[in-house]
Amino acid sequence: MDVQSIAMTVNGREYEFSVGTRFGQVPPEETLVETLRRRLELTGAKQSCSEGACGCCTVILNGDAVPSCMMLTVDADGADILTIEGLEDPATGQLDPIQQAFIDAAAFQCGYCTPGIIMALKALLNKNPAPTEKEVDEALSGNYCRCVSHYHVFDAVRDLIGAGKEGE
Amino acid sequence: MSNYNVEYTDLQYIGKYMPRKDARDIVTGKCIFLDDFSVPGQLYGRSLRSPHAHARILSINTDKAKALKGVRAVLTDSDLPENWLLGWPPSKRPLDSHLRFVGDCVAYVAADTVEIADEALDLIEVEYEVLPAVFDGIAAARPDAEQLYPGQFAGNEIPGGFPPFQRQGLYWHLQRGDTEAGFAESEYIIEEFMEYNKMPTPLAAEPPQVIIRWDGGLDFHCWATSQGSGVFRQLGSFIIPGSNLVVETFNVGGSFGNKHAMTAQFICGAALSMATKRPVKVAMTKTEQLSAYEMRLGSQMKMKIGVGKDGYLKAVKGFWTVDAGAIGNTTQGQIGVGLGEAQIIGGKCVNWDIDTALMATNRIPAGIARGYGGMELNACLSLLYCRAMEAANIDPVEFYKKNYISAGDRFVWRDGLLWKACDVNYVPAIQAAADKFGWKDAWKGWGKPSWVSPDGKRARGAGCAILGNADLGEDNNECIVRISPDIVGDSCHVVLHMDVAECGQGQRSSLCKMVAEILNVPYENVSTTSPGQGNHNPFALGLCGSRGTITYGRPVCMACEDLRDQLFKLAEPKLEVPPDTMELVNFGVRSKHMPERFVAWKHLIPEMLSLVGYGKHVETFGIPACLVFFLEAEVDLETGQTQILRVLSGSDVGKVIDPKSLESQFHGGIGAATMDSALFEETILDKQTGRNLAFNLIEYKWRPFNMFPKFDTSILETPIPSFQFKAMGVGEITGAGSAPAVMQAIYNATGVHVTEYPATPKVILKALGKI
Ligand code: FES
Ligand code: FES
């Protein structure tokens with residue numbers, strides 16, 4: 001790979017990294033989740049499976065929800081990235097409506113999966129503010145939650161978009 | 001005990017939803033889990049793991065690994081002290097030359113980065129002598145079976161009983177009454193074999209991890225993703241005798257009982273930290289969690305069950321073989337609990353004879369998992385009860401109502417002692433849940449579908465199971481509640497000094513609600529100290545099982561009442577009214593009859609100091625809980641695929657502390673290798689190599705968002721004599737009966753007994769005679 005340095009925007013801030021294997025450089029094999037968590041100390045995205053299966057590391061990259069463990073940092077050159085830390089209003093501290101809905105519905109237990117679920121939902125609602133129940137299900141189908149917070153997540157989504165699964 | 005008898009009515013916080021104290025941190029990503037934390041100078045520890053299910057190391061060469069730049073220590077068997085032993089009884093060297101499962105530890109490496117440590121593992125050269133392996137408990141008991149612990153455990157049987165649980169005598173054989181007399185009274189007798197043996201895993205989202213810092217001597221400072229630092233300290237000091245552990249925990253990314261002691265990770269970190277004199281982080285990967293971390297235990301049983309004409313259980317006699325995998329991780333305790341839970345379901349039966357054997361095999365070691373032995377026992381026993389009910393043609397709901405334990409019934413709990421159930425009666429809760437589910441319409445009789453599609457290709461069946469345990473009062477716990485007057489103004493903050501982990505239950509916040517309620521202060525003014533113990537919190541074992549509500553709630557309430565009593569006494573000279581006519585209000589004490597007489601707490605407490613209340617809970621086992629679980633399943637008779645359509649989980653919890661947290665506990669019951677261990681969750685054992693083929697989140701099947709059935713709850717609140725708020729916990733058992741309920745529903749849908757867990761399409765088609 002011929003990239004010497006890369007740049008990306010994370011939560012509205014611009015970062016430039018030098019690529020290489022020397023101390024402090026981003027090695028070509030470093031994944032985006034590692035860069036976010038270790039270098040930028042944005043530890044909201046969790047690294048749980050490291051193989052794209054659990055969604056705990058989900059961030060929004062150029063508008064799409066992506067598992068950041070499945071992307072090399074060098075391939076994110078030029079990307080605009082939003083992480084869970086970038087959701088609340090930096091000036092007022094006001095929570096994103098999804099975050100508030102999650103609190104109101106107690107849509108988490110241990111909370112390890114929660115940042116990933118919120119970011120997957122955020123990407124969905126950005127593109128489609130009134131998704132059907134099935135579209136919500138599908139958008140979250142890559143998010144592992146072992147505590148079974150799913151029903152309260154559906155409650156939160158229902159509060160947000162006025163629709164949801166019946167009968168829970 | 002308080003001097004004043006206050007009934008807590010007219011509650012401000014208890015019973016109402018209050019967002020958890022950590023809610024904002026969780027949804028903003030600021031909440032700290034262990035992996036988000038590091039200790040200055042920390043190294044990274046990794047383990048070289050055995051590729052063989054059973055082998056001996058003939059030679060091992062670590063020279064190349066040691067020479068790699070960035071490697072700080074490479075340890076093998078001979079580097080560890082002789083008395084460091086895993087298991088109960090202490091038996092297995094953490095690094096061993098005799099390897100007993102795929103994933104067993106061969107060597108530890110500490111390095112500057114995980115990547116360097118992993119590279120070093122590849123450089124260790126090992127020559128193995130591969131030995132024959134044994135993969136199930138009954139096979140391990142055969143006289144010609146390969147011996148895993150020669151000279152230690154004859155016939156692969158790990159000694160029964162666990163002394164910390166059974167101080168008055170070890171216990172593993174339930175014997176009560178006269179089973180022969182019971183069978184003589186029985187109209188219907190069945191005798192069958194059943195197994196639940198695929199060892200699924202609770203599989204918390206956050207893999208197990210610790211950071212261990214050696215502080216000299218045998219002192220270790222541990223940061224751990226543990227749901228119970230008390231358990232961590234206790235078991236840690238078993239495996240490093242004489243050690244003294246200070247443990248700090250963080251928000252835990254799911255545990256389900258499964259991330260407690262993490263003994264293997266602790267010992268790896270401890271050994272490497274001693275060798276390098278640096279803190280060492282040991283974090284399992286997801287693949288390691290799935291292939292070398294504690295699974296559910298294996299359960300095989302042959303049982304003879306007698307039921308009378310009257311529908312009462314008359315006698316239960318048989319043998320329960322428990323597969324501990326390669327290491328007995330205090331599994332004896334789970335056997336004691338399982339035996340206890342059998343009697344809670346069959347509470348009216350007085351004739352019992354269930355013998356047990358705990359077997360070592362070459363499988364991944366079993367550990368603690370939500371349901372704690374009772375779930376694995378019941379996955380078998382509940383289905384055998386069903387066979388007896390079917391023989392007697394009894395509706396299971398009627399059977400449960402008749403036989404479930406109620407006030408005054410006796411049972412032997414895991415301490416081996418005979419206990420008497422307190423004033424409980426779960427018949428109304430069972431009936432309310434059955435009615436809400438619509439059981440009468442859904443259940444058409446044994447082996448009869450509730451619905452068949454017009455083309456005859458799909459059939460539905462309903463199933464229900466019941467489960468209970470009596471762990472609600474288990475463990476001694478203590479706490480301090482401290483009123484700390486604010487420096488400015490007359491308000492105060494109240495701090496609960498107690499080791500309370502947060503692994504999803506919201507118990508830290510629920511306890512703050514109790515403090516706020518009794519001291520009549522805003523919830524916002526109450527906080528809890530950081531979880532952990534060793535030098536910063538009083539003793540609490542951990543939020544094990546369902547006992548947090550009572551065993552943590554009682555000390556907290558006692559400490560608050562202690563504070564109230566002290567405040568009343570301090571206020572007496574100022575208010576000049578008797579203490580029993582005082583009340584706590586607005587950070588002060590006031591006369592109920594002359595409200596103008598008021599004194600702020602701040603003026604009762606010496607300047608800058610605090611007022612401290614103390615509370616404790618002492619272990620007792622007389623309160624059995626109950627959980628009844630209903631579901632409807634649809635089986636595709638052509639493909640063998642089963643879908644769960646709807647679920648209802650019902651209980652009587654005494655009093656709801658927090659409705660949403662409680663509901664979450666019910667929902668969580670179907671996670672953590674419970675319901676789905678009847679459908680698709682299993683470790684898939686390659687019998688040639690002993691490897692778990694389901695070693696990542698793609699191969700290990702789990703239920704995604706778009707597959708969740710409708711879920712309903714039925715919750716009664718009949719006050720029970722537990723503690724001040726008359727509540728109890730149920731989280732341990734919310735899903736523990738779900739697997740046999742699935743099997744029952746499949747039988748009712750198909751009319752064919754499916755006896756193999758999990759009932760995958762292949763298993764169902766085989767049972768239907770289609771393949
Ligand atoms: S950690 Fe990235 S998907 Fe699991
Ligand atoms: S809340 Fe624990 S994994 Fe989802």
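Numbering of residues starts from 1 in every chain and runs along the sequence as written. A letter from A marks each chain and a number from 1 marks each ligand, given out in the order of writing. Local features are withheld for residues below a pLDDT of 70 in this predicted model, meaning they are given only at 70 or higher, and side-chain atom pairs are given and counted only at 80 or more; totals for whole chains, interfaces and linings count all residues. To obtain the side-chain values, all non-hydrogen atoms of the structure were included, while hydrogens and water were left out.

(A) Summary view of the overall build of chain A. Under the DSSP-based scheme used, a helix requires at least four consecutive residues in state H or I and a strand at least two consecutive residues in state E, with every element numbered from the N terminus. Helices and strands together make up the secondary structure of chain A, namely five helices and five strands. Considered along the principal axes of its C-alpha atoms, chain A spans approximately 55 × 35 × 25 Å. Sorting the 168 residues of chain A into buried and exposed places 57% on the buried side. Reported accessibility uses the Shrake-Rupley method at a 1.4 Å probe radius. Residues are deemed covered only where the shown protein chains occlude them. By element, 47% of the accessible surface of chain A is carried by carbon and sulfur atoms, the whole surface being about 6900 Å². Computing the positive centroid from 12 side-chain charges and the negative centroid from 25, chain A places the two 5 Å apart. Relative accessibility decides the category of a residue: with a 1.4 Å probe and only protein chains considered, values under 20% of the type maximum give buried, values over 50% give exposed, and everything between is partly exposed. Positive: Lys, Arg. Negative: Asp, Glu. His and the chain ends are not part of the count. Where a charge lies is defined by one atom per residue type: Lys uses NZ, Arg uses CZ, Asp uses CG and Glu uses CD.

(B) Here's a closer look at the overall build of chain B. Tallying secondary structure elements over chain B gives 18 helices and 33 strands in all. Atoms counted for the radius of gyration: C-alpha only. Globule rule: 2.2 Å times the number of residues to the power 0.38. Rg of the C-alpha trace for chain B: 27 Å, near the compact-globule value of 28 Å for 771 residues, within the 12% margin. A burial count over chain B gives 65% of its 771 residues as buried. Of the accessible surface of chain B, which amounts to about 26100 Å², a share of 51% is contributed by carbon and sulfur atoms. Positive and negative charge centroids in chain B, built from 73 and 88 side chains respectively, lie 2 Å apart.

(C) Region of the structure containing the pairing of strand β29 (residues 627-636) of chain B. All names here are of chain B. Burial analysis of β29 places nine of its ten residues in the buried class, which makes it a mostly covered element. Here strand β20 (residues 458-467) pairs with β29 via ten bridges, running antiparallel. For Arg460, the partnering residue across the bridge sits in β29 and is Glu634. One ladder, built from nine bridges, connects β29 with strand β30 (residues 642-652); its direction is antiparallel. In the strand pairing of β30, Phe629 is matched with Ser649. A pair of strands is labelled paired if DSSP reports no fewer than 2 bridges between them. Between β29 and β30, which pair antiparallel and follow one another directly, the connecting turn spans five residues, one of which, Gly640, has a positive phi of 80°.

(D) Representation of the nonpolar core in the model. Core analysis: the biggest nonpolar cluster contains 268 residues, and B:Ile305, B:Leu519, B:Val589 and B:Trp601 have the highest contact counts within it. Setting aside chain neighbours within four positions, we find B:Ile305 in contact with B:Phe183, B:Tyr188, B:Ile189, B:Ile190, B:Leu313, B:Ala315, B:Val316, B:Leu381, B:Leu384, B:Tyr385 and B:Ala388. Grouping buried Ala, Val, Leu, Ile, Met, Phe, Trp, Tyr and Cys residues that are joined through side-chain atoms within 4.5 Å yields what is termed a nonpolar core. Two residues qualify as a contact provided that any one of their heavy atoms is within 4.5 Å of a heavy atom in the partner residue.

(E) Broad picture of the interface of chain A and chain B. Listed per partner, the contact involves 50 residues of chain A and 53 residues of chain B. A combined buried area of about 4300 Å² lies between chain A and chain B, and 58% of that area is made up of carbon and sulfur atoms. Note: buried area is the sum, over both parts, of the accessible area (probe 1.4 Å) each one loses when the two are combined. Looking only at chain A, the three residues that lose the most surface to chain B are A:Tyr144, A:Arg146 and A:Tyr151, adding up to 18% of its buried area. For this document, the term salt bridge refers to a Lys or Arg side-chain nitrogen within 4 Å of an Asp or Glu carboxyl oxygen. Counting the contacts that link chain A with chain B gives seven salt bridges. Between B:Lys30 and A:Glu88 there is a salt bridge, and its shortest N-O distance comes to 2.6 Å. Looking at the side of chain A that touches chain B, the elements with two or more residues in it are α1 (32-39), α2 (97-104), α3 (114-127), α4 (133-139) and α5 (150-161) of chain A. When residues in the side of chain A that touches chain B are grouped by element, the largest group, five residues, is from α5(A). By residue class, the composition of the side of chain A that touches chain B is 22 nonpolar, 14 polar and 14 charged. Charged residues are taken to be Asp, Glu, Lys and Arg, nonpolar residues to be Ala, Val, Leu, Ile, Met, Phe, Trp, Tyr, Cys and Pro, and polar residues to be all remaining types, Gly included.

(F) Focus on the environment of B:Asn425. Mapped onto the secondary structure, B:Asn425 falls in the loop between β18 (418-420) and α12 (427-437). Two N or O atoms count as a polar contact when they lie within 3.5 Å, although within protein this holds only if one can serve as hydrogen donor and the other as acceptor, and sequence-adjacent residues are included solely when both atoms are side-chain atoms. A distance of 3.1 Å separates the side chain of B:Asn425 from the backbone nitrogen of B:Val427, its partner in a polar contact.

(G) Representation of the sheet that holds strand β4 (residues 64-67) of chain A. All names here are of chain A. On the basis of which strands lie adjacent, the open sheet formed by five strands has the order β2-β1-β5-β3-β4 and mixed pairing. Whereas interior strands pair on both sides, the edge strands pair on one side only; in this sheet they are β2 (13-18) and β4. Neighbouring strand axes in the sheet, compared pairwise and without regard to direction, differ in orientation by 35° on average. Judged from the two bridges that link them, strand β1 (residues 5-10) and strand β5 (residues 80-82) form a sheet pairing that is parallel. Bridge pairing links Val10 to Ile81 in β5. The axes used here are C-alpha line fits, helices contributing only the stretch in contact, and every angle between their N-to-C directions lies in the interval 0 to 180 degrees. Sheet strands in contact with α1 are β1, β2, β3 (58-61) and β5, and its direction is about 105° off that of β3. Its contacts with the sheet place α3 against β3, β4 and β5, and it is angled at close to 30° to β3.

(H) Representation of the pairing of strand β14 (residues 298-307) of chain B. All names here are of chain B. Judged by how many residues are buried, β14 sits mostly within the fold: eight of ten residues are covered. Of the strand pairs in this sheet, strand β9 (residues 188-196) and β14 are connected by nine bridges, and their pairing is antiparallel. If you follow Ile189 over to β14, its bridge partner there is Gly306. Both β14 and strand β15 (residues 313-323) contribute to a ladder of ten bridges, which runs antiparallel. Bridge assignment links Ser299 to a residue of β15, and that residue is Val322. Connecting the antiparallel pair β14 and β15 is a turn made up of five residues, with Gly311 showing a positive phi of about 85°.

(I) Up close: the packing of helix α6 (residues 229-239) of chain B against helix α7 (residues 263-276) of chain B. Residue and element names in this part refer to chain B. As a packed pair, α6 and α7 sit with axes 10 Å apart at the nearest point and diverge in direction by 60°. The pairing of α6 with α7 is recorded here as oblique in orientation. For α6 against α7, the interelement crossing comes out right-handed. Counted together, Phe232, Leu235, Gly236 and Ile239 of α6 and Thr263, Phe266 and Ile267 of α7 form the full contact between these two elements. Here the contact of α6 with α7 is built from residues that sort into five nonpolar, two polar and no charged. Throughout this description, any angle smaller than 35 degrees is read as roughly parallel, any larger than 145 degrees as roughly antiparallel, any in the 65 to 115 degree range as roughly perpendicular, and the remainder as oblique. Crossing chirality is assigned from the near helix's rotation relative to the far helix, an anticlockwise turn below a right angle marking it left-handed and a clockwise turn marking it right-handed.

(J) Structural view of the pattern of salt bridges. Residues and elements named next belong to chain B. Within this structure, the stated rule accounts for 50 salt bridges over all chains. A salt bridge links Glu756 to Lys198; the nearest nitrogen and oxygen atoms lie 3.2 Å apart. In this pair, Glu756 sits in the loop between α17 (738-750) and α18 (761-767) while Lys198 sits in the loop between β9 and β10 (209-214), placing the two residues 558 residues apart along the sequence. According to the relative accessible area criterion, Glu756 is partly exposed, its value standing at 32%.

(K) Seen up close, the domain arrangement of chain B. Residue and element names in this part refer to chain B. Note that the domain bounds were set by an automatic or database domain assignment. Looking at the assigned domains, one finds that chain B contains domain 1 (23-31 + 474-617), domain 2 (34-131 + 208-283), domain 3 (133-194 + 296-416) and domain 4 (423-466 + 625-771). Once you take the C-alpha centre of each, domain 3 and domain 4 turn out to be 21 Å apart. Taken over both partners, the interface formed by domain 3 and domain 4 buries close to 3000 Å², and the fraction arising from carbon and sulfur atoms is 64%. Joining domain 3 to domain 4, the criterion identifies zero salt bridges. At the junction of domain 3 and domain 4, the tally comes to 17 residue pairs in polar contact (both at pLDDT 80 or more). Residue assignment for the side of domain 3 that touches domain 4 shows that the elements contributing at least two residues are α9 (331-345), α10 (374-392) and α11 (396-403). Taken together, the residues of the side of domain 3 that touches domain 4 break down into 19 nonpolar, five polar and eight charged.

(L) Here's a closer look at the domain arrangement of chain A. All names here are of chain A. Segmenting chain A into domains produces domain 1 (4-86) and domain 2 (97-165). Computed from C-alpha coordinates alone, the two centres of domain 1 and domain 2 are separated by 23 Å. With 17 residues of domain 1 at the contact, the number on the domain 2 side is 14 residues. Summing both sides of the interface, domain 1 and domain 2 together bury roughly 1200 Å²; the carbon and sulfur share of this comes to 65%. Taken as a group, Cys56, Ile60 and Ile84 account for 38% of the area that domain 1 buries against domain 2, more than any other trio of residues on that side. Between the two partners, domain 1 and domain 2, sit one salt bridge. A salt bridge links Asp64 to Lys127, with the shortest nitrogen-to-oxygen separation between them at 2.5 Å. Run the count over domain 1 and domain 2 and you get four residue pairs in polar contact (both at pLDDT 80 or more). With three residues, the top contributor of residues to the side of domain 1 that touches domain 2 is β3. Class assignment of the residues belonging to the side of domain 1 that touches domain 2 gives a composition of eight nonpolar, seven polar and two charged.

(M) Seen up close, the sheet that holds strand β33 (residues 710-716) of chain B. All names here are of chain B. As summarised here, the arrangement of the five strands in space is β19-β20-β29-β30-β33, forming an open sheet in which the pairing is mixed. Strands with a single pairing partner mark the edges of an open sheet, and in this sheet they are β19 (451-452) and β33. Looking at chain direction, β30 and β33 are connected through seven bridges and run parallel. Note that in β33 the partner of Asp652 across the bridge is Leu716.

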